Amino acid sequence: MERELWWALYRLARRCDPAPYWELVRYFDYHIVGVYLWAVLHDRPVSWACDPANWPKRLWQGKLPSQSTMSRRLRTTEVQCLLNSIESALAALSGSGWVWMVDGKPLVVGTHSKDTDATWGRAGRGYAKGYKLHAIYGRGPIPGAWELVPLNESEPEVARRLVPLLKRGGGYILGDKAFDSNPLHTAANTCGYQLVAERKRPGTSLGHRRHSPGRLRSIQLLRTKFGQDLYRCRDDIEREFGWLTNHAAGLAPLPAWVRRPHRVRLWVQAKLITHAAYVYLHSPSTTHAVA
């Protein structure tokens, strides 16, 4: 399965790679991305993928890049843009819808980790140390917008930054009661979306402060049958996160060698890409677009 999935991702990376920015470069950007995805698919460090002994015969033609080359090139703007292009190409396969779901998934590290950027924050019903993946999902297996931040950052604040990244088209954004925030409701309305979230303190009055029209509309909407039926779709994001972590190439707990924000973000982005490719390869309607 890993070889078939890697071949699909490697061909997609080659199609998305623009003309080489330097004709004399030894390894093109899609070569660097291909080696990195081989490591990510097997949950191994980059140094493992740089060893020819860890590749099947005739799968990789030529000499593999060294560990130092991979470390340097993975931080370049060109490789980052290529990964973004692959992500956009996969996201385009699912099309656009009018219902979106927003939530966060904790990515926990050890309590004695020396990663100074990993912070303490809420993880489920307790506290943990690490990062959090904030995402807005639509119809497809890859988020329409996402961001990786330390675990202590507020979910509504991160969501305010994510909403403008969605395609302008209007619709509903469904979130749990943690997203019941006037500034977030205003940001969603500004971008043409209606945020629907349960009240943090149901059964109480709204007080005398001024509220966002979007928040008042959300409260009114949840009193109707349409709003209640619509809000049941919010659970879909829990299934998306569950599916993301529930297969061999999915997002498992962060390995010991994935620390500091730039490495964690790169690892999570590669996992989102591999997961989307895995889903599309197993879907009859989209297999031809990825394979």
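This text follows the structure it describes.
All figures in this text were calculated on a predicted structure; none of them were measured in a lab.

**Quick word on the overall build of the protein**
Then, number 1: Along the protein, the regular secondary structure elements total 12 helices and six strands.
Then, number 2: Here the protein has a C-alpha radius of gyration of 21 Å; the compact-globule value for 291 residues is 19 Å, and the two agree.
Then, number 3: If you line up the protein on its principal axes, its C-alpha atoms span 70 × 45 × 35 Å.
Then, number 4: Looking at the protein residue by residue over its 291 residues, the buried ones come to 51%.
Then, number 5: Considering only intrachain contacts with a sequence separation of at least 6, the fraction spanning at least 24 residues in the protein is 62%.
Then, number 6: When the accessible surface of the protein is summed, it comes to about 14800 Å², and 53% of that surface belongs to carbon and sulfur atoms.
Then, number 7: Charged side chains in the protein number 41 positive and 24 negative. The centres of these two groups are separated by 2 Å.

**Considerations on the nonpolar core**
Then, number 1: By size, the foremost hydrophobic cluster in this structure holds 73 residues, and its most contacted members are Trp6, Tyr36, Ile86, Leu90 and Val268.
Then, number 2: By residue number, the principal contributor to this core is helix H11 (residues 261–281), which donates 13 residues.
Then, number 3: Those residues in contact with Tyr36 that sit more than four places away from it in its chain are Val46, Met70, Leu74, Leu266, Trp267 and Ala270.

**Describing the environment of Leu82**
Then, number 1: You can see Leu82 is positioned in helix H5 (residues 77–91).
Then, number 2: Accessibility expressed as a relative area gives 2% for Leu82, which makes it buried.
Then, number 3: For the pair formed by Leu82 and Asp29, sequence separation is 53 residues and the distance between their alpha carbons is 7.4 Å.
Then, number 4: Beyond its immediate chain neighbours, meaning those up to four positions away, Leu82 contacts Ala13, Cys16, Asp17, Asp29, Tyr30 and Val33.

**What about unusual backbone geometry?**
Then, number 1: If you check the backbone angles, Asp43 has positive phi at about 55 degrees while not being a glycine.
Then, number 2: Locating Asp43 in the fold gives a position in the loop between helix H2 (29–41) and helix H3 (46–49).
Then, number 3: Phi angles above zero are rare outside glycine, and Arg260 is one such case at about 75 degrees.
Then, number 4: As for its placement among the helices and strands, Arg260 is situated in the loop between helix H10 (236–244) and H11.

**Some words on the pattern of salt bridges**
Then, number 1: Per the stated rule, a full pass over the model turns up 15 salt bridges.
Then, number 2: Among the ionic pairs, Glu157 bridges to Arg160, the shortest N-O distance being 3.6 Å. Of this pair, Glu157 and Arg160 both sit in helix H6 (residues 155–162), three residues apart, which is roughly one turn of the helix.
Then, number 3: With a closest N to O distance of 3.8 Å, Arg234 and Asp235 form a salt bridge.
Then, number 4: It is possible to trace a salt-bridge network through shared partners that takes in Asp103, Arg234, Asp235 and Glu238.

**What about H11?**
Then, number 1: The first and last C-alpha atoms of H11 sit 30 Å apart over 21 residues, in line with the 30 Å expected at 1.5 Å per residue.
Then, number 2: When you tally the buried positions in H11, you get 17 out of 21 residues, the bulk of the element.

**Here's the deal with the pairing of strand S6 (residues 193–197)**
Then, number 1: With five of five residues buried, S6 lies mostly within the body of the structure.
Then, number 2: Of the two faces of S6, both are covered, the one formed by Tyr193, Leu195 and Ala197 as well as the one formed by Gln194 and Val196.
Then, number 3: Both strand S5 (residues 171–175) and S6 contribute to a ladder of five bridges, which runs parallel. Across the sheet, the residue bridging to Gly171 is Tyr193, located in S6.

**Quick word on H10**
Then, number 1: Those residues of H10 that sit buried are Ile237, Glu240, Phe241 and Leu244. Down the axis, H10 shows its buried residues gathered within 95 degrees of arc, on one side only.

Rules behind the numbers
- Residues numbered from 1 in each chain as written.
- Predicted model: local features only at pLDDT ≥ 70, side-chain atom pairs only at ≥ 80, totals over all residues.
- Heavy atoms only, no water.
- Helix = DSSP H or I, 4+ residues; strand = E, 2+ residues; numbered from the N terminus.
- Rg over C-alpha atoms; globule rule 2.2 N^0.38 Å.
- Buried < 20%, exposed > 50% of the residue type's maximum accessible area, 1.4 Å probe, protein only.
- Contact = heavy atoms within 4.5 Å.
- Areas by Shrake-Rupley, 256 points an atom, 1.4 Å probe, with all protein chains shown as cover.
- Lys, Arg positive; Asp, Glu negative; His and termini not counted.
- Charge placed at Lys NZ, Arg CZ, Asp CG, Glu CD.
- Core = buried A, V, L, I, M, F, W, Y, C linked by side-chain atoms within 4.5 Å.
- Salt bridge = Lys/Arg side-chain N within 4 Å of Asp/Glu carboxyl O.
- Expected span 1.5 Å × (residues − 1).
- Pairing = 2+ DSSP bridges.
- Arc of directions from axis to C-beta.

In short, the description is geometric, and any link to function would need to be established separately.
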